[in-house]
Amino acid sequence: MVTILCTSVFPLFLLVPESAHFYMSIGEQHKAKEVLLKVADSNNACLPPGQLVSSQKKERIAAKGIGLSSKNTGEHTHSRDWRGLFSPPKYLVSTVLNWLLWFTASFIYFGLILMTSELLTLYHDIPDLGCVESIESKSSKVCHHLTENDYIQILWTSAAELPAILVCFVLNEFLPRRRSLSAHGLFLSLFIGLTMICPLSKNSTFGLIFAARSFASSFFQSLYLYTPEVYPTHVRSLGLGLSYVFARIGGVVTPFVSQVMLHETVRGTKAVYTAASLVVLVAGFLLPFETKGRSLEDASIG
(Lines give C-alpha, C1' and ligand atoms only; values in the text may rest on other atoms or scores of the structure.)
Protein backbone atom coordinates (compact mmCIF):
# COMPACT_ATOMS: atom_id res chain seq x y z
CA MET A 1 0.00 0.00 0.00
CA VAL A 2 2.81 2.40 0.90
CA THR A 3 4.57 1.62 -2.39
CA ILE A 4 1.40 2.34 -4.35
CA LEU A 5 0.90 5.67 -2.58
CA CYS A 6 4.52 6.70 -3.17
CA THR A 7 4.61 5.74 -6.86
CA SER A 8 1.26 7.43 -7.51
CA VAL A 9 2.92 10.77 -6.78
CA PHE A 10 5.34 10.59 -9.71
CA PRO A 11 2.77 11.34 -12.47
CA LEU A 12 1.86 14.51 -10.59
CA PHE A 13 5.34 15.90 -11.24
CA LEU A 14 4.42 16.07 -14.92
CA LEU A 15 1.70 18.55 -14.03
CA VAL A 16 3.92 20.83 -11.96
CA PRO A 17 5.51 23.60 -14.07
CA GLU A 18 9.19 24.43 -13.78
CA SER A 19 10.02 27.76 -12.16
CA ALA A 20 10.71 30.82 -14.27
CA HIS A 21 13.82 31.46 -12.18
CA PHE A 22 15.29 28.10 -13.26
CA TYR A 23 14.64 28.76 -16.94
CA MET A 24 16.28 32.18 -16.67
CA SER A 25 19.31 30.69 -14.92
CA ILE A 26 19.92 28.30 -17.84
CA GLY A 27 19.29 30.93 -20.50
CA GLU A 28 15.88 29.76 -21.76
CA GLN A 29 14.11 33.09 -21.53
CA HIS A 30 11.17 32.11 -23.78
CA LYS A 31 10.23 29.21 -21.50
CA ALA A 32 10.42 31.47 -18.47
CA LYS A 33 8.05 33.89 -20.15
CA GLU A 34 5.64 31.04 -20.99
CA VAL A 35 5.51 30.05 -17.31
CA LEU A 36 4.82 33.63 -16.24
CA LEU A 37 2.10 33.97 -18.89
CA LYS A 38 0.35 30.85 -17.56
CA VAL A 39 0.53 32.23 -14.03
CA ALA A 40 -0.90 35.55 -15.20
CA ASP A 41 -3.73 33.83 -17.12
CA SER A 42 -4.69 31.70 -14.13
CA ASN A 43 -4.98 34.89 -12.06
CA ASN A 44 -6.86 36.82 -14.75
CA ALA A 45 -4.03 39.31 -14.96
CA CYS A 46 -1.47 40.57 -17.46
CA LEU A 47 2.30 40.62 -17.25
CA PRO A 48 3.79 44.06 -16.61
CA PRO A 49 5.50 45.70 -19.60
CA GLY A 50 9.20 45.17 -20.06
CA GLN A 51 11.73 42.49 -20.92
CA LEU A 52 12.91 39.59 -18.76
CA VAL A 53 16.54 39.99 -17.80
CA SER A 54 18.45 37.54 -15.57
CA SER A 55 20.24 38.82 -12.50
CA GLN A 56 23.58 37.66 -13.96
CA LYS A 57 23.01 39.80 -17.04
CA LYS A 58 22.13 42.75 -14.82
CA GLU A 59 25.41 42.32 -12.98
CA ARG A 60 27.38 42.24 -16.24
CA ILE A 61 25.59 45.37 -17.50
CA ALA A 62 26.21 47.17 -14.21
CA ALA A 63 29.85 46.09 -14.22
CA LYS A 64 30.36 47.46 -17.73
CA GLY A 65 28.67 50.69 -16.71
CA ILE A 66 31.17 51.32 -13.90
CA GLY A 67 34.14 49.90 -15.79
CA LEU A 68 34.67 46.62 -13.91
CA SER A 69 36.35 43.70 -15.66
CA SER A 70 35.05 40.13 -15.70
CA LYS A 71 37.82 39.28 -13.24
CA ASN A 72 36.36 41.72 -10.72
CA THR A 73 32.89 40.27 -11.10
CA GLY A 74 33.99 36.64 -11.01
CA GLU A 75 32.93 36.27 -7.40
CA HIS A 76 29.30 37.03 -8.27
CA THR A 77 29.36 34.57 -11.18
CA HIS A 78 30.76 31.78 -9.01
CA SER A 79 28.15 32.42 -6.34
CA ARG A 80 25.42 31.40 -8.75
CA ASP A 81 26.26 27.67 -8.57
CA TRP A 82 27.12 25.24 -5.77
CA ARG A 83 30.30 27.18 -5.05
CA GLY A 84 28.07 29.89 -3.61
CA LEU A 85 27.64 27.64 -0.54
CA PHE A 86 31.34 27.93 0.27
CA SER A 87 32.37 31.38 -0.93
CA PRO A 88 32.98 33.90 0.68
CA PRO A 89 34.70 32.11 3.61
CA LYS A 90 31.89 32.90 6.05
CA TYR A 91 29.56 30.82 3.91
CA LEU A 92 32.02 27.94 4.14
CA VAL A 93 31.86 28.01 7.95
CA SER A 94 28.08 28.43 7.91
CA THR A 95 27.55 25.55 5.47
CA VAL A 96 29.77 23.10 7.36
CA LEU A 97 28.14 23.96 10.70
CA ASN A 98 24.69 23.69 9.10
CA TRP A 99 25.48 20.20 7.86
CA LEU A 100 26.73 19.25 11.32
CA LEU A 101 23.58 20.59 12.97
CA TRP A 102 21.27 18.77 10.55
CA PHE A 103 23.19 15.53 11.03
CA THR A 104 23.00 15.89 14.80
CA ALA A 105 19.31 16.84 14.77
CA SER A 106 18.35 13.66 12.92
CA PHE A 107 20.81 11.57 14.95
CA ILE A 108 19.28 12.68 18.26
CA TYR A 109 15.63 12.85 17.19
CA PHE A 110 15.38 9.41 15.61
CA GLY A 111 17.72 7.99 18.24
CA LEU A 112 15.31 8.96 21.02
CA ILE A 113 12.40 7.43 19.10
CA LEU A 114 14.19 4.11 18.52
CA MET A 115 15.64 4.01 22.03
CA THR A 116 12.19 4.29 23.63
CA SER A 117 10.96 0.87 22.50
CA GLU A 118 14.35 -0.73 23.16
CA LEU A 119 14.39 0.54 26.75
CA LEU A 120 10.88 -0.76 27.33
CA THR A 121 11.91 -4.30 26.31
CA LEU A 122 15.04 -4.15 28.47
CA TYR A 123 13.05 -3.05 31.52
CA HIS A 124 11.26 -6.43 31.42
CA ASP A 125 14.57 -8.14 32.31
CA ILE A 126 16.31 -5.40 34.27
CA PRO A 127 14.05 -3.27 36.51
CA ASP A 128 17.06 -1.26 37.76
CA LEU A 129 18.26 -0.62 34.21
CA GLY A 130 19.49 2.89 34.96
CA CYS A 131 22.10 1.64 37.43
CA VAL A 132 23.54 -1.18 35.31
CA GLU A 133 26.87 -0.57 33.60
CA SER A 134 26.78 -3.63 31.34
CA ILE A 135 23.61 -5.53 30.54
CA GLU A 136 25.35 -8.50 28.91
CA SER A 137 25.02 -10.70 32.02
CA LYS A 138 21.69 -9.26 33.15
CA SER A 139 19.66 -9.75 29.99
CA SER A 140 17.89 -13.07 29.46
CA LYS A 141 18.29 -12.75 25.66
CA VAL A 142 14.57 -13.52 25.40
CA CYS A 143 12.56 -11.52 22.90
CA HIS A 144 9.88 -9.78 24.95
CA HIS A 145 6.68 -8.58 23.31
CA LEU A 146 5.56 -5.11 24.23
CA THR A 147 2.64 -5.05 26.64
CA GLU A 148 -0.40 -2.80 26.59
CA ASN A 149 1.24 -0.53 29.15
CA ASP A 150 4.34 -0.34 26.97
CA TYR A 151 2.29 0.86 24.02
CA ILE A 152 0.62 3.46 26.23
CA GLN A 153 4.08 4.60 27.35
CA ILE A 154 5.18 4.94 23.71
CA LEU A 155 2.01 6.88 22.94
CA TRP A 156 2.72 9.33 25.74
CA THR A 157 6.32 9.90 24.64
CA SER A 158 5.12 10.38 21.05
CA ALA A 159 2.81 13.12 22.30
CA ALA A 160 5.97 15.15 22.90
CA GLU A 161 5.56 16.37 19.32
CA LEU A 162 2.73 18.65 20.50
CA PRO A 163 4.57 20.74 23.13
CA ALA A 164 7.50 20.82 20.68
CA ILE A 165 5.52 23.32 18.61
CA LEU A 166 5.19 25.63 21.61
CA VAL A 167 8.86 25.18 22.52
CA CYS A 168 9.91 26.10 18.98
CA PHE A 169 7.69 29.19 18.99
CA VAL A 170 8.88 30.47 22.38
CA LEU A 171 12.60 29.96 21.78
CA ASN A 172 12.59 31.44 18.28
CA GLU A 173 10.30 34.31 19.22
CA PHE A 174 12.28 35.51 22.23
CA LEU A 175 15.82 34.47 21.35
CA PRO A 176 18.06 35.19 18.36
CA ARG A 177 18.27 32.28 15.92
CA ARG A 178 21.76 31.16 16.90
CA ARG A 179 21.04 31.38 20.62
CA SER A 180 17.84 29.44 20.06
CA LEU A 181 19.75 26.58 18.44
CA SER A 182 22.27 26.60 21.29
CA ALA A 183 19.43 26.59 23.83
CA HIS A 184 18.07 23.43 22.23
CA GLY A 185 21.46 21.79 22.67
CA LEU A 186 21.60 22.90 26.31
CA PHE A 187 18.20 21.47 27.22
CA LEU A 188 18.76 18.29 25.22
CA SER A 189 22.04 17.60 27.00
CA LEU A 190 20.37 18.35 30.34
CA PHE A 191 17.38 16.03 29.90
CA ILE A 192 19.28 13.18 28.26
CA GLY A 193 22.11 13.50 30.77
CA LEU A 194 19.68 13.30 33.70
CA THR A 195 18.49 9.87 32.50
CA MET A 196 21.92 8.51 33.54
CA ILE A 197 21.25 9.30 37.21
CA CYS A 198 21.18 6.24 39.47
CA PRO A 199 18.76 5.32 40.91
CA LEU A 200 16.06 6.62 38.58
CA SER A 201 12.62 5.06 38.20
CA LYS A 202 11.23 3.88 34.88
CA ASN A 203 8.55 6.58 34.82
CA SER A 204 11.09 9.29 35.60
CA THR A 205 13.31 8.05 32.79
CA PHE A 206 10.54 8.22 30.23
CA GLY A 207 9.43 11.58 31.58
CA LEU A 208 12.90 12.93 30.80
CA ILE A 209 12.83 11.26 27.38
CA PHE A 210 9.47 12.96 26.76
CA ALA A 211 11.05 16.35 27.51
CA ALA A 212 14.14 15.56 25.42
CA ARG A 213 12.03 14.47 22.48
CA SER A 214 10.08 17.74 22.64
CA PHE A 215 13.28 19.73 22.32
CA ALA A 216 14.64 17.38 19.63
CA SER A 217 11.53 17.90 17.51
CA SER A 218 11.63 21.65 18.15
CA PHE A 219 15.31 21.68 17.14
CA PHE A 220 14.43 20.09 13.81
CA GLN A 221 11.75 22.71 13.19
CA SER A 222 14.14 25.52 14.13
CA LEU A 223 16.66 24.31 11.54
CA TYR A 224 13.95 24.46 8.87
CA LEU A 225 13.45 28.06 9.95
CA TYR A 226 17.11 29.08 10.15
CA THR A 227 18.71 27.39 7.13
CA PRO A 228 16.62 29.05 4.36
CA GLU A 229 17.29 32.43 5.98
CA VAL A 230 21.06 31.99 5.74
CA TYR A 231 21.45 31.57 2.00
CA PRO A 232 20.59 34.04 -0.78
CA THR A 233 17.90 33.08 -3.29
CA HIS A 234 20.11 31.53 -5.95
CA VAL A 235 21.52 28.84 -3.60
CA ARG A 236 18.77 28.65 -0.97
CA SER A 237 17.10 25.48 -2.24
CA LEU A 238 20.47 23.82 -2.85
CA GLY A 239 21.68 24.73 0.65
CA LEU A 240 18.53 23.38 2.28
CA GLY A 241 18.55 20.24 0.13
CA LEU A 242 22.16 19.35 0.91
CA SER A 243 21.56 20.00 4.60
CA TYR A 244 18.69 17.54 4.53
CA VAL A 245 21.01 14.95 2.94
CA PHE A 246 23.19 15.13 6.05
CA ALA A 247 20.08 14.74 8.19
CA ARG A 248 19.33 11.50 6.34
CA ILE A 249 22.89 10.32 7.02
CA GLY A 250 22.32 10.99 10.72
CA GLY A 251 19.13 8.95 10.54
CA VAL A 252 21.05 6.06 8.99
CA VAL A 253 23.78 6.10 11.64
CA THR A 254 21.66 6.46 14.78
CA PRO A 255 20.14 2.91 14.89
CA PHE A 256 23.64 1.49 15.41
CA VAL A 257 23.79 3.51 18.63
CA SER A 258 20.19 3.53 19.87
CA GLN A 259 19.54 -0.15 19.16
CA VAL A 260 22.85 -2.00 18.81
CA MET A 261 25.08 -0.14 21.26
CA LEU A 262 22.21 0.14 23.75
CA HIS A 263 22.25 -3.64 24.30
CA GLU A 264 25.90 -3.40 25.32
CA THR A 265 25.83 -0.32 27.54
CA VAL A 266 22.78 1.77 28.34
CA ARG A 267 24.64 4.59 30.06
CA GLY A 268 27.25 4.70 27.31
CA THR A 269 24.50 5.09 24.71
CA LYS A 270 22.91 7.92 26.64
CA ALA A 271 26.34 9.54 26.99
CA VAL A 272 26.74 9.54 23.19
CA TYR A 273 23.45 11.42 22.74
CA THR A 274 24.37 13.81 25.54
CA ALA A 275 27.68 14.55 23.80
CA ALA A 276 25.86 15.08 20.49
CA SER A 277 23.60 17.61 22.25
CA LEU A 278 26.65 19.47 23.55
CA VAL A 279 27.92 19.65 19.96
CA VAL A 280 24.68 21.46 19.09
CA LEU A 281 25.24 23.86 21.99
CA VAL A 282 28.72 24.80 20.77
CA ALA A 283 27.89 24.84 17.03
CA GLY A 284 25.04 27.27 17.61
CA PHE A 285 27.43 29.81 19.11
CA LEU A 286 29.90 29.35 16.26
CA LEU A 287 27.43 30.08 13.45
CA PRO A 288 28.61 33.24 11.67
CA PHE A 289 25.16 34.55 10.64
CA GLU A 290 22.33 35.88 12.75
CA THR A 291 19.20 36.05 10.59
CA LYS A 292 16.42 37.05 12.96
CA GLY A 293 14.81 40.33 12.00
CA ARG A 294 16.72 40.62 8.74
CA SER A 295 15.34 40.37 5.24
CA LEU A 296 16.48 37.47 3.08
CA GLU A 297 18.52 39.87 0.94
CA ASP A 298 20.27 41.26 4.04
CA ALA A 299 21.19 37.75 5.14
CA SER A 300 23.70 37.51 2.31
CA ILE A 301 27.20 38.88 2.61
CA GLY A 302 27.89 42.21 1.04
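In this report, we go over the structure that sits alongside the text.

Thresholds, definitions, all that
- Residues numbered from 1 in each chain as written.
- Predicted model: local features only at pLDDT ≥ 70, side-chain atom pairs only at ≥ 80, totals over all residues.
- Heavy atoms only, no water.
- Phe/Tyr/Trp six-rings, centres within 6.5 Å; stacked < 30°, edge-to-face > 60°.
- Helix = DSSP H or I, 4+ residues; strand = E, 2+ residues; numbered from the N terminus.
- Buried < 20%, exposed > 50% of the residue type's maximum accessible area, 1.4 Å probe, protein only.
- Patch = residues over 30% accessible without salt bridge, like charges linked within 9 Å, V, L, I, M, F, W, Y side chains within 5 Å.
- Areas by Shrake-Rupley, 256 points an atom, 1.4 Å probe, with all protein chains shown as cover.
- Salt bridge = Lys/Arg side-chain N within 4 Å of Asp/Glu carboxyl O.
- Expected span 1.5 Å × (residues − 1).

Counted by the stated rule, this structure contains 16 aromatic pairs. Measuring from centroid to centroid gives 6.5 Å for Phe110 and Phe220, while their planes differ by 75 degrees, and the two rings are edge-to-face. In this pair, Phe110 is assigned in helix H7 (residues 89-125) and Phe220 in helix H11 (residues 202-230), connecting sequence segments 110 residues apart. The class of Phe110 is partly exposed, set by a relative accessible area of 27%. Through successive ring pairs, a cluster of aromatic residues spans Trp102, Tyr109, Phe110, Phe220, Tyr224 and Tyr244.

On to a nonpolar patch on the surface. A surface patch of nonpolar side chains, amounting to about 720 Å² of accessible area, comprises Val9, Phe10, Leu12, Phe13, Leu14 and Leu15. Mapping Phe10 onto the fold places it in helix H2 (residues 10-13). Looking at Phe10, the relative accessible area reads 56%, which means it is exposed.

Turn by turn, an α-helix covers 3.6 residues, leaving residues three or four places apart pointing in a common direction. Across its 29 residues, H11 extends 42 Å between first and last C-alpha, which sits within 8% of the 42 Å expected from 1.5 Å per residue. Judged by how many residues are buried, H11 sits mostly within the fold: 21 of 29 residues are covered.

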